[in-house]
Amino acid sequence: PETTHFSHNMFSHYHKALGFLSLPLATGFWNGVNSVAHQVADSVRRIYTGNGQTYLVHILIYTLVIYMLMF
């Protein structure tokens, strides 16, 4: 169905003419964003383990830090 649509491959001539300029830059950018997102997710996954006791410790530490910063 998508190959029979009138707009299928509509900008292919632009890609043939200028694709070498934009494709590697955009691909490199989004690959970098992807790797940073995976690194952040891995570090958050280490902190938030799914254990309720560790969440309680996080809340207590957060509360103590906020309390100490107020005084």
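The text that follows walks through the structure, step by step, so that each part is easy to find. Everything numeric here is computed off the predicted structure, so don't read it as measured data. (Residues numbered from 1 in each chain as written. Predicted model: local features only at pLDDT ≥ 70, side-chain atom pairs only at ≥ 80, totals over all residues. Heavy atoms only, no water.)

A closer look at the overall build of the chain
Looking only at helices and strands, the chain features two helices and zero strands. Against the 2.2 N^0.38 benchmark of 11 Å for 71 residues, the chain shows a C-alpha radius of gyration of 24 Å, more extended than a compact globule. Principal axes of the C-alpha set define a box for the chain whose edges measure 65 × 30 × 20 Å. A burial count over the chain gives 1% of its 71 residues as buried. Total accessible area on the chain is roughly 6700 Å²; 71% of this is exposed by carbon and sulfur atoms. (Helix = DSSP H or I, 4+ residues; strand = E, 2+ residues; numbered from the N terminus. Rg over C-alpha atoms; globule rule 2.2 N^0.38 Å. Buried < 20%, exposed > 50% of the residue type's maximum accessible area, 1.4 Å probe, protein only. Areas by Shrake-Rupley, 256 points an atom, 1.4 Å probe, with all protein chains shown as cover.)

Digging into the pattern of salt bridges
Any two side chains of opposite charge can pair if their charged atoms end up close together. One pass over the full model with this rule turns up one salt bridge. Here arginine 45 and aspartate 42 are joined by a salt bridge, their closest N and O atoms 2.6 Å apart. Of the two residues, arginine 45 and aspartate 42 both sit in helix 1 (residues 12-47), three residues apart, roughly one turn of that helix. Under the relative-accessibility criterion, arginine 45 is labelled exposed at 53%. (Salt bridge = Lys/Arg side-chain N within 4 Å of Asp/Glu carboxyl O.)

A look at unusual backbone geometry
At asparagine 9, a position not held by glycine, the phi torsion is positive, near 60°. In this fold, asparagine 9 is placed in the segment before helix 1.

Points about the packing of aromatic side chains
Note on aromatic pairs: each is described by the distance of the centres and the angle between the planes. Under the definition given, this model contains four aromatic pairs. With a centroid separation of 5.8 Å and an interplanar angle of 50°, the aromatic rings of tyrosine 48 and tyrosine 55 are classed as tilted. Given the relative accessible area of 47%, tyrosine 48 is considered partly exposed. The class for tyrosine 55 is partly exposed, based on a relative accessible area of 32%. Arranged with centres 5.1 Å apart and planes meeting at 65°, the rings of tyrosine 67 and phenylalanine 71 form a pair that is edge-to-face. For tyrosine 67, a relative accessible area of 47% puts it in the partly exposed group. A relative accessible area of 74% places phenylalanine 71 in the exposed class. (Phe/Tyr/Trp six-rings, centres within 6.5 Å; stacked < 30°, edge-to-face > 60°.)

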